[in-house]
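Overview (structure and organization)
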Amino acid sequence: MVNENSTTPIPYKPDVKLNNSLAQKLQIKLDYDQLTNCMRCGFCLPACPTFRETGLEPESPRGRIALMKAVADGLMTPDQAFQDQMNHCLGCRACEPACPADVKYGQLIEQAREAIEDHAKHSIPVKGLRKMVFEGMFPHRGRLKVLGGTLAFYQKSGLRKIARHSGVMRMFPKHLEEMERILPNATSKGVVERIGTVYPAKGDVIARVALFRGCIMDVLFAETNVNTVKLLSEAGFEVVIPNEQVCCGALHAHSGEMELAKALARTNVNVFKEAGIDYIVSNAGGCGALLVEYDHLLNDDMEHSALAEWFASRVIDVSELLHDHGRIPVFVESEESAFQPVTITYQDSCHLRNVMKSSDAPRQLMKQVANVNFIEMKEADRCCGSAGIYNVTQPEMANEILEHKMEHANRTQARYLLTSNPGCLLQMKLGVEKHGVNRQMEIKHIVDFLYERISHRDEVTNC
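Residues numbered from 1 in each chain as written. Predicted model: local features only at pLDDT ≥ 70, side-chain atom pairs only at ≥ 80, totals over all residues. Heavy atoms only, no water.

Within the chain, the regular secondary structure consists of 26 helices and nine strands. By the compact-globule yardstick of 23 Å for 463 residues, the chain fits well, its C-alpha radius of gyration being 22 Å. Counting only C-alpha atoms, the chain reaches 70 × 55 × 40 Å along its principal axes. Scored against the burial criterion, the 463 residues of the chain give a buried share of 54%. Put simply, the chain shows about 20900 Å² of open surface, and 52% of that area lies on carbon and sulfur atoms. With 52 positive and 58 negative side-chain charges, the chain shows a separation of 5 Å between the mean positions of the two kinds. (Helix = DSSP H or I, 4+ residues; strand = E, 2+ residues; numbered from the N terminus. Rg over C-alpha atoms; globule rule 2.2 N^0.38 Å. Buried < 20%, exposed > 50% of the residue type's maximum accessible area, 1.4 Å probe, protein only. Areas by Shrake-Rupley, 256 points an atom, 1.4 Å probe, with all protein chains shown as cover. Lys, Arg positive; Asp, Glu negative; His and termini not counted. Charge placed at Lys NZ, Arg CZ, Asp CG, Glu CD.)

Adjacent strands of a sheet form backbone hydrogen bonds with each other and so pair up, either parallel or antiparallel. Read from one edge to the other, the open sheet built from five strands follows the order S1-S3-S2-S4-S5, with strand pairing classed as mixed. Each edge of the open sheet carries a strand with a single partner, namely strand S1 (198–199) and strand S5 (315–317). Pairing analysis gives four bridges linking strand S2 (residues 207–212) to strand S3 (residues 237–240), with the strands arranged parallel. Across the sheet, the residue bridging to Arg 208 is Glu 238, located in S3. Packed on one face of the sheet, helix H19 (residues 305–314) meets strand S4 (279–282) and S5 and runs near 20° to S5. (Pairing = 2+ DSSP bridges. Contact = heavy atoms within 4.5 Å. Axes fitted to C-alpha atoms, helices over the stretch in contact; angles between N-to-C directions.)

What follows deals with the pattern of salt bridges. By the definition in use, this model includes 31 salt bridges. One salt bridge in this structure joins Glu 59 and Arg 64, with 3.1 Å as the shortest N-O distance. The same class applies to Glu 59 and to Arg 64, which are both buried. Put simply, Asp 301 and Arg 266 hold a salt bridge, and the shortest N to O gap is 2.6 Å. On the criterion of sequence distance, the pair formed by Asp 301 in the loop between helix H18 (294–297) and H19 and Arg 266 in helix H16 (residues 258–273) is long-range, its members being 35 residues apart. On the accessibility criterion, Arg 266 (26% relative accessible area) is partly exposed. (Salt bridge = Lys/Arg side-chain N within 4 Å of Asp/Glu carboxyl O.)

Over its 14 residues, helix H8 (residues 124–137) runs 18 Å from end to end, which matches the ideal 20 Å to within 8%, given 1.5 Å per residue. Along H8, the helix axis deviates most sharply at Lys 131, where the bend reaches about 25°. Of all the positions in H8, only Arg 130, Phe 134 and Gly 136 are classed as buried. Here the buried face of H8 lies against helix H7 (105–119), helix H9 (141–156), helix H15 (250–254) and H16. (Expected span 1.5 Å × (residues − 1). Bend = angle between axes of the 7 residues up to and from the residue.)

Attention now goes to the pairing of strand S8 (residues 416–419). Every other side chain in a regular strand lies on the same face of the sheet, so the side chains alternate between the two faces. Neither face of S8 is open: one carries Tyr 416 and Leu 418, the other Leu 417 and Thr 419, and all of them are buried. Summarising the sheet, strand S6 (residues 342–346) and S8 pair through three bridges and their orientation is parallel. Across the sheet, the residue bridging to Tyr 346 is Leu 418, located in S8. Sheet topology places S8 next to strand S9 (residues 442–445); four bridges connect them, and they run parallel. Across the sheet, Leu 417 pairs through a bridge with Ile 443, a residue of S9. After leaving S8, the chain enters helix H25 (residues 422–435) and then returns to the sheet as S9, a path that is right-handed. (Right-handed = clockwise from strand over helix to strand, strands pointing away.)

Below, the discussion takes up the environment of Leu 417. The topology assignment puts Leu 417 in strand S8. Looking at Leu 417, the relative accessible area reads 0%, which means it is buried. For Leu 417, the residues in contact, after removing those within four places along its chain, are Thr 345, Gln 347, Met 377, Ala 409, Met 428, Met 441, Glu 442, Ile 443 and Lys 444.

This next bit is on empty space enclosed by the protein. Within this structure, the stated rule accounts for six cavities of 30 Å³ or more. Of the voids in this model, the largest cavity is the one considered here, and its volume is about 130 Å³. Taken together, 16 residues form the lining of the largest cavity, with Cys 38, Cys 44, Ile 65, Cys 99 and Val 103 sitting closest to its centre. Listing elements by their share of the lining of the largest cavity, those giving two or more residues are helix H4 (61–72) and helix H6 (95–98). (1 Å grid on protein atoms, 1.4 Å probe; cavity = no way out; pocket = protein on both sides within 12 Å on 5 of 7 lines; lining within 4 Å. Points joined across faces, edges and corners; volume = space filled by probe spheres on them.)

Let us look at the environment of Asn 185. Tracing the backbone through its elements, the reader meets Asn 185 in the loop between helix H11 (174–181) and helix H12 (191–195). Once residues within four sequence positions are removed from consideration, Asn 185 is found in contact with Gln 155, Arg 160, Val 219 and Leu 220.

Bringing the sheet that holds S6 into the picture now. Strands sit in the order S7-S6-S8-S9 across an open sheet of four strands; the sheet is parallel. Whereas interior strands pair on both sides, the edge strands pair on one side only; in this sheet they are strand S7 (372–374) and S9. The sheet shows a mean angle of 30° between the axes of neighbouring strands, direction not considered. Relative to S7, S6 runs parallel, the two sharing three bridges. Following the sheet pairing, Val 342 is matched in S7 by Val 372. Of the strands in this sheet, S8 and S9 touch H25, which is tilted by about 175° from S9.

As a further point, take the confidence of the model for the chain. Taken as a whole, the chain shows an average pLDDT of 90; of its residues, 93% reach a score of 70 or greater. Considering only residues more than four positions removed or in separate chains, one finds that residues 1–12, a stretch of pLDDT under 50, has nine contacts. (pLDDT = per-residue confidence, 0-100.)

Attention shifts here to the packing of aromatic side chains. Any pair of aromatic rings gets described here by the distance separating the centres and the angle formed by the planes. Counting across every chain of the model gives four aromatic pairs. With centroids separated by 6.0 Å and ring planes inclined at 25°, the aromatic side chains of Phe 212 and Phe 272 adopt a geometry described as stacked. Of this pair, Phe 212 sits in strand S2 while Phe 272 sits in helix H16, and the two are 60 residues apart along the sequence. Here the two residues Phe 212 and Phe 272 agree in accessibility, since each one is buried. Aromatic pair Phe 272 and Phe 311: ring centres 5.6 Å apart, planes at 90°, arrangement edge-to-face. Highlighted residues: Phe 272 in helix H16 and Phe 311 in helix H19, separated in sequence by 39 residues. When sorted by exposure, Phe 272 lands in the same class as Phe 311, which is buried. Among the aromatic residues, those joined into a ring-pair cluster are Phe 212, Phe 272, Tyr 294 and Phe 311. Arg 453 extends its terminal NZ or CZ atom over the ring of Tyr 416, reaching a point 5.4 Å from the ring centre. Above the face of the Phe 449 ring, Arg 453 is positioned so that its terminal group lies 3.8 Å from the ring centre. (Phe/Tyr/Trp six-rings, centres within 6.5 Å; stacked < 30°, edge-to-face > 60°. Lys NZ or Arg CZ within 6 Å of the ring centre and 35° of its normal.)

This is the structure in structure tokens:
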């Protein structure tokens, strides 16, 4: 369908008048061409974690697309069960590589959630919590630093011990109590506060790159951000860390807060363009997956669409950059592997594998470490159940998925299980706590594992 005065295709929408207001929003938001691209072939079924757990058609990408299309066609009303089903999807996007028709399922599920959120009538407490998290906290670096400092005080002052031993934590839902136990040490001093905004390359400069430091990464995994910069430096990259960068917007986009996600994206594309860099480096698969799709997110923004395309074309995961473009450092054996090989395994970040298409580079880097025995974990490409905040909002399904994941992890008998995303790292750490056979199994970010094994490296400065 083409406008007579333009060559730009206009997405087809069914000529159905809908009385339900949510149905109307869904009909406007959903990309009908993508809905009709689904051939119902079923290739997505074995790739979908929720379908594998339940065996129910509505719990599959094919089933959810059929529900969306039925609403758009006026054949059904989007009741609470429909809304729950849209939110029951992990958003891991494992269905996309499996789809022969190249259906953009991730975009469809986010469009559905945006329509649902636009229509939602939350209670006052829920509305206040969402406003505080999505508007009051994540877009503001200063407030995140305060949060990090507050968490650090809670963890180091003795309040954590008091809360745990007094039974206060039992007042919270069980899954939140479990998550509190495995949180790493927080900090108000992120990577910029520790090493500054520019870090030189060692030896000849291959390229000038910018680190996307993230929100959770810089509060709970600041040491990993520092190690990322120093690892890149060892490999020949000059690293800049634009201090004006903001949250990537991934949690907003996945939770239906699309306009807030777009606002954050506009800030980031402007900030990184001014940095004069060749690559934008991500060390968190969840962040990187949205960053690499900023061109889609801002495709209808005339002012920023070209900048978004520039930005997205330069986003790359740290493992991919090191393996494909860097001078790979010599990774030596650790003290514990001096007498016998240390067994390691790897859990893919869903978004790193399925969206950023990077699964080989991390494995190749791990295999270059001296005296390690790499064991490929069965179904390492399957979601662990973290999925952003899915393990908080859908704890029952998340735990079922995690339990099956740990069955495969336990069989590797690995000393280290490595991953490339903070959510995955925390989820797998929880898995060891709840379902681990070997409690000595340590969960690490791949950057930390590699940096600790660089030959003749400088020690990291802790501030």
